[in-house]
Structure formats: C-alpha cells, structure tokens
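Chain residues, written in single-letter form:
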Amino acid sequence: MKPLKILLVAALVFPLLAACSGSKKDDDYVERPAEEIYNSGYVKFHQGNYASAAKEFDEVDRQHPYSEWALRAQLMAAYSYYQALNYPDALKALDNFIQQNPGYKDIGYAYYLRALCYYEQIVDITRDQGTTNFALEALRDVTTRFPDTEYAHDAQLKIDLALGQIAGHERDIGRYYQRHGIYQAAINRYQVVVKNYQTTGQVPEALHRMTESYLALGLVEEAKRTAAILGYNYPGNAWYRKAYALLVKDGDAPPSG
C-alpha cells in the first residue's frame, strides 16, 4: 500500500503547489490602464531609473499591445535600455519595432537609435573592429533611408569617425608588421588605408610608412613615387616632411612639396 499512499500524497500536494504558483503569478500581474503604466515609466525615466522605466514601457506593450500607447512605449523602452547602456536589449527592441512598424511616422528615429547602439560600442583601434563595421552599416542605412533629416547629418559625421577608426586599425597592423621586418605585409596594410579610406586622417602616415617600408626593401623608385604622392596631396603635412627628409638622407629626395 505504500506506493498508493505516496501517489495520494503527491496528488494532494501538486494541486496545492500549482495553486500557490498560480496565486503568486496573479499577485505579480496587476492589470493597469495603459496610460498609467506609461506615465509610471516616464517618471522613472526622468528620475534616471532607466532599467525600471524600460520594464514599465515593456509592460504597456504586454498588457495593451494594440493601444495607442503601445508604439510609443516600445520606442521608449528601447531608449530606456539605450540610456541604461543595455545595448543588446535596446537593439532587440529596435529590430522588432522596425520590422513590425516600417511605416511608423518616427521610424527614422528608430533606425538612428539603432545605429547609435552600435556606434557607442566601438572599441579602440588596437582591437577587432567588427562592431565598427556593424555601426557603419547601420549609420549608412540612416543616411540612405532618411537623407534629408537631422539623423542623416549626424550619422554622416559618425560615419567619417568610424572610417577613421577602421583606417587606424589597419595602419596599426601595418606598423606591427613593419616593426617586425615583414615589410611587404606592412605595405599591403598601408595600401588598404590609402585606397579604401582616402577621406580619413590616417592616409598621410600610411604613405610615409609605405615610403619607409619600400626603402627597407631596397625599392627606391617605389619609395620616391609614394613620397611624391604624399607631397602632391599633402604638401604641408608633417608626414611628408618626414618622408622627404628620409629620402634626402638616403640620397633620393623627391621634388619638394
């Protein structure tokens, strides 16, 4: 009879546990008007309690998904996560919003905020620039889709900075190869900077480093040609003066810039 007793006890206990669990869930879930929840989130946001604000805005969408407050709450939830530096949740919220509401009147802001989430995670030039590439893609999306907006103007400025970041990363890899005497690999990296990131401030140094590397390989004509390009495009630049002095020392100075 012992197994039967155990079964009977279990039959009595499980409903009690389920009831307790259900009761707790009911206690946690309190249905409130959409406006009340939204305003609660708004107050918490302006108090700087961004994580709690995001939860309140999410609750608006959960309890009242088809209300007039839901769309505003979705964007505010994303913005709250962004302000809390919780970029993964912000990006998740923004991706869902963009996918579900492509015709929303403020959809441009959603794209812009999405780009900021990537942009603000860019790391220094000594580390992998995968996030920078994501940021560039998202920023270009803003400038392409919303060209005549303030979002596009700011996104373009950030694109220029992000390109400089990637160019700096390529330049640093070239310098690493150059320090270790792997000159052709260094030249290849510097050429990437010159060809792909022409608008960045990294190009003059890349040309100078290429001149140094060509001379180290004994390729004097290539060094002179590279220094001449540097002098033509950046005649007053300090990197050209260095390249010129280097070639004068070597006895093969290019025309003065």
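The rules behind these values
Residues numbered from 1 in each chain as written. Predicted model: local features only at pLDDT ≥ 70, side-chain atom pairs only at ≥ 80, totals over all residues. Heavy atoms only, no water. Axes fitted to C-alpha atoms, helices over the stretch in contact; angles between N-to-C directions. Helix = DSSP H or I, 4+ residues; strand = E, 2+ residues; numbered from the N terminus. Parallel < 35°, antiparallel > 145°, perpendicular 65-115°, else oblique. Left-handed = near helix turned anticlockwise from the far one by under 90°. Contact = heavy atoms within 4.5 Å. Nonpolar A, V, L, I, M, F, W, Y, C, P; charged D, E, K, R; others polar. Core = buried A, V, L, I, M, F, W, Y, C linked by side-chain atoms within 4.5 Å. Buried < 20%, exposed > 50% of the residue type's maximum accessible area, 1.4 Å probe, protein only.

Q: Whenever I open this one, the packing of helix α5 (residues 87-100) against helix α6 (residues 107-119) confuses me. Can you help?
A: The axes of two packed helices give the description: the angle between them and the distance between them. Their axes nearest at 10 Å, the elements α5 and α6 cross at an angle of 150°. With respect to each other, α5 and α6 are oriented roughly antiparallel. Between α5 and α6 lies a crossing whose hand is left-handed. The residues of α6 that touch α5, namely those facing Y87, A90, L91, L94, D95, F97 and I98, are I107, A110, Y111, L113, R114, C117 and Y118. Partitioning the contact of α5 with α6 into residue classes produces 12 nonpolar, no polar and 2 charged.

Q: Explain the side chain of H169 to me, please; I cannot follow it from the model alone.
A: Position of H169 among the secondary structure elements: in helix α8 (residues 150-179). Apart from the residues lying within four places of it in its own chain, the contact partners of H169 are I125, T126, R127, D128 and Q129.

Q: Help me out: how do you make sense of the nonpolar core in this one?
A: Note that soluble globular proteins tend to have their nonpolar side chains buried in a common cluster. Counting residues in each nonpolar core, the largest one holds 52 residues, and the members touching the most others are Y82, L94, I107, A110 and C117. The leading source of residues in this core is α6, at 10 residues. When neighbours within four sequence positions are excluded, C117 is seen to be in contact with Y82, Y87, A90, L91 and L94. Counting 11 residues, the second largest nonpolar core, distinct from the first, contains I37, Y38, F45 and A53.

Q: When you look at the side chain of N101 in this model, what are you seeing that I'm missing?
A: Residue placement: N101 occurs in the loop between α5 and α6. Take N101: its relative accessible area is 16%, and that puts it in the buried class. Among residues more than four places away in sequence, those in contact with N101 are L71, Q74 and I107.

Q: Please explain the environment of A84 as it appears in this structure.
A: Its location among the elements puts A84 in the loop between α4 (68-83) and α5. Of the residues examined, A84 reaches a relative accessible area of 35% and is grouped as partly exposed. With 33 residues separating them along the chain, A84 and A51 place their C-alpha atoms 6.2 Å apart. When sequence neighbours within four positions are dropped, the list of residues in contact with A84 reads Y50 and A51.

These values are about where atoms sit, not about what they do.
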